[in-house]
Amino acid sequence: MTKEIPKRKIPVCSPFLNGQEMEFVTEALKDGWISSSGKYVTAFEQEFSRYCGAGYGIAVCNGTMALHLALVALGIGPGDEVIIPDFTMIASALAVVYTGARPVFVDAHPDTWNIDVSAIEAKITKKTRCLMPVSIFGNPCDMDAIKAMAQKHHLFVIEDAAESHGAEYKAKKTGSLADITAFSFFANKNLTTGEGGMVVTNDKKLADRCRYFKNLCFPLEGPRNYIHEDIGFNYRMSNLHAAIGLAQVQKADEYRAMRIKNARLYQELLKDVPGIIFQKDTSDSLHVHWMNAILLDPVLFGKTRDQLMASLAQQGIETRLLFIGMHRQPCLQRLGCDSQGAYSITDNLAFNGLYLPSASHLTDEDIRYVCQCIQRTCSCA
Ligand SMILES: *Cc1c(COP(=O)(O)O)cnc(C)c1O
């Protein structure tokens with residue numbers, strides 16, 4: 001007879017606000033500086049870009065707008081094509097669509113689950129302007145291979161690093177690996193401001209263009225004459241959000257270590273359960289494990305993904321589906337984006353993958369409980 005495990009309630013991913021968030025936000029409120037004019041915006045931009053090893057940071061209102069701004073700064077527009085992974089969050093594709101350009105999809109690599117670099121070249125056309133890899137779940141892409149491809153075809157590289165704050169590739173952090181990098185600080189990301197984003201770059205010209213377009217194309221210098229030469233956007237981040245962000249960056253290494261420790265414990269405890277597959281780290285990299293995603297082989301595991309999710313839900317454990325491939329999105333199909341190509345790796349992840357609870361502050365007991373419940377669901381147990 002199996003021993004009863006006392007039931008717990010574990011959300012899939014809640015934010016961890018364990019530093020000076022309250023203090024900084026309160027100070028901003030007391031000062032009355034609550035808009036984007038305020039010292040925390042500048043301080044957050046400086047501290048986060050420095051953390052990434054990059055020269056410039058431009059804070060914006062969310063990660064989707066950070067991606068859009070990066071594309072705008074590079075001059076991407078109608079008639080252009082941007083290559084993105086098929087296996088990503090919809091925002092990667094939508095940011096391209098907002099510019100008038102077309103997103104072109106490449107299937108995931110079976111091991112790293114990032115864009116399959118060996119399949120990129122076949123998708124490059126005369127219209128391709130940019131490669132936009134995503135470090136999926138915090139696993140850095142093989143940036144040397146991507147940059148070599150970009151150089152060969154005269155393309156820009158934008159990294160969608162919404163999931164990979166603090167990740168490293170060959171000892172360099174995301175944010176310093178591409179021409180321009182976009183981060184998200186949504187509530188469940190490794191570092192958060194509730195809602196927020198940042199564009200990070202080493203290129204002063206690109207940084208200036210981002211600042212210009214993010215603020216309605218008000219001139220960066222000189223007196224405000226209310227004449228606007230270009231179509232701009234209001235993508236500003238408020239001082240209140242930046243106050244949270246500054247407190248988060250101060251703890252970035254600590255939070256990163258927590259996510260990595262949690263992921264290692266999951267991998268250790270589940271390594272002998274048949275049919276559970278983990279994402280493989282890219283070589284020479286530090287994966288920061290935004291989400292603990294697993295891929296199920298239902299035959300070996302003895303249950304389907306949906307059966308496992310239902311069983312975990314009964315035990316108080318919240319899980320989520322992984323992303324559905326971009327080639328299956330009705331909104332993109334209607335724009336004429338590819339829906340017919342071969343995307344079997346993405347499809348397998350979408351149909352047989354799930355996220356396990358992944359907050360930074362999960363306890364070892366929480367993780368042991370989740371793994372015990374998985375083991376008990378497996379019909380091999
Ligand atoms: C979260 C995320 C985004 C979008 O960020 P928001 O802040 O929610 O707009 C973009 N790309 C990827 C890969 C993401 O995971």
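Refer to the structure presented above.
Summarised in this report is the structure supplied together with it. Owing to the predicted nature of the structure, the values given are computational and were not obtained by experimental measurement.

**Here's the deal with the packing of aromatic side chains**
Describing an aromatic ring pair means giving the distance of the ring centres and the angle of the ring planes.
Inference 1: For the coordinates displayed, the defined rule picks out 18 aromatic pairs.
Inference 2: Taking 5.9 Å as the distance between ring centres and 85 degrees as the angle between the ring planes, the aromatic pair formed by Phe87 and Phe137 counts as edge-to-face. With a gap of 50 residues between them, Phe87 in the loop between strand S2 (81–85) and helix H4 (90–98) and Phe137 in the loop between strand S4 (128–131) and helix H5 (143–152) connect regions that are remote in the sequence. The two residues Phe87 and Phe137 agree in class, both being buried.

**Concerning the environment of Gly325**
Inference 1: When you line up the elements, Gly325 lands in the loop between strand S13 (320–321) and helix H11 (330–333).
Inference 2: Distance from Gly325 to Asp160, taken between C-alpha atoms, is 16 Å for residues 165 residues apart in sequence.
Inference 3: Ignoring anything within four residues of it in the chain, the contact list for Gly325 reads Asp86 and Thr346.

**Regarding the side chain of Thr201**
Inference 1: Among the structural elements, Thr201 can be located in strand S9 (residues 197–201).
Inference 2: Separated by 2.8 Å, the side chain of Thr201 and the backbone oxygen of Asp179 make a polar contact.
Inference 3: Within the structure, the side chain of Thr201 is placed 3.0 Å from the backbone nitrogen of Asp203, a separation counted as a polar contact.
Inference 4: With residues up to four places along the chain from it excluded, the contact list for Thr201 reads Ala54, Gly55, Tyr56, Asp179, Ile180, Leu206 and Ala207.

**Considering unusual backbone geometry**
Inference 1: Non-glycine residue Phe137 carries a positive phi angle of around 60 degrees.
Inference 2: Look at Phe137 and you get buried, because its relative accessible area is 0%.
Inference 3: For Tyr226, which is not glycine, the phi dihedral falls at a positive 60 degrees.
Inference 4: Tracing the sequence through the fold places Tyr226 in the loop between helix H6 (204–214) and helix H7 (239–250).
Inference 5: Tyr226 sits in the exposed class, given a relative accessible area of 59%.

**A few points about the site of the ligand**
Inference 1: The environment of the ligand is made up of 15 residues, and the closest members are Gly63, Thr64, Glu163, Ser184 and Lys189.
Inference 2: Contact distances for the ligand include 2.8 Å between an oxygen atom and a backbone N or O atom of Gly63.
Inference 3: In this structure, an oxygen atom belonging to the ligand sits 3.1 Å away from a side-chain N or O atom of Lys189.
Inference 4: For the ligand, whose free accessible area comes to 380 Å², the fraction covered by protein is 94%.
Inference 5: Top contributing element to the shell around the ligand by residue count: helix H3 (residues 63–73), with 3 residues.
Inference 6: Taken together, the residues of the shell around the ligand break down into 5 nonpolar, 7 polar and 3 charged.

What counts, and where the lines are drawn
Residues numbered from 1 in each chain as written. Predicted model: local features only at pLDDT ≥ 70, side-chain atom pairs only at ≥ 80, totals over all residues. Heavy atoms only, no water. Phe/Tyr/Trp six-rings, centres within 6.5 Å; stacked < 30°, edge-to-face > 60°. Helix = DSSP H or I, 4+ residues; strand = E, 2+ residues; numbered from the N terminus. Buried < 20%, exposed > 50% of the residue type's maximum accessible area, 1.4 Å probe, protein only. Contact = heavy atoms within 4.5 Å. Polar contact = N/O pair within 3.5 Å; in protein donor to acceptor, adjacent residues only side chain to side chain. Near = heavy atom within 4 Å. Areas by Shrake-Rupley, 256 points an atom, 1.4 Å probe, with all protein chains shown as cover. Nonpolar A, V, L, I, M, F, W, Y, C, P; charged D, E, K, R; others polar.

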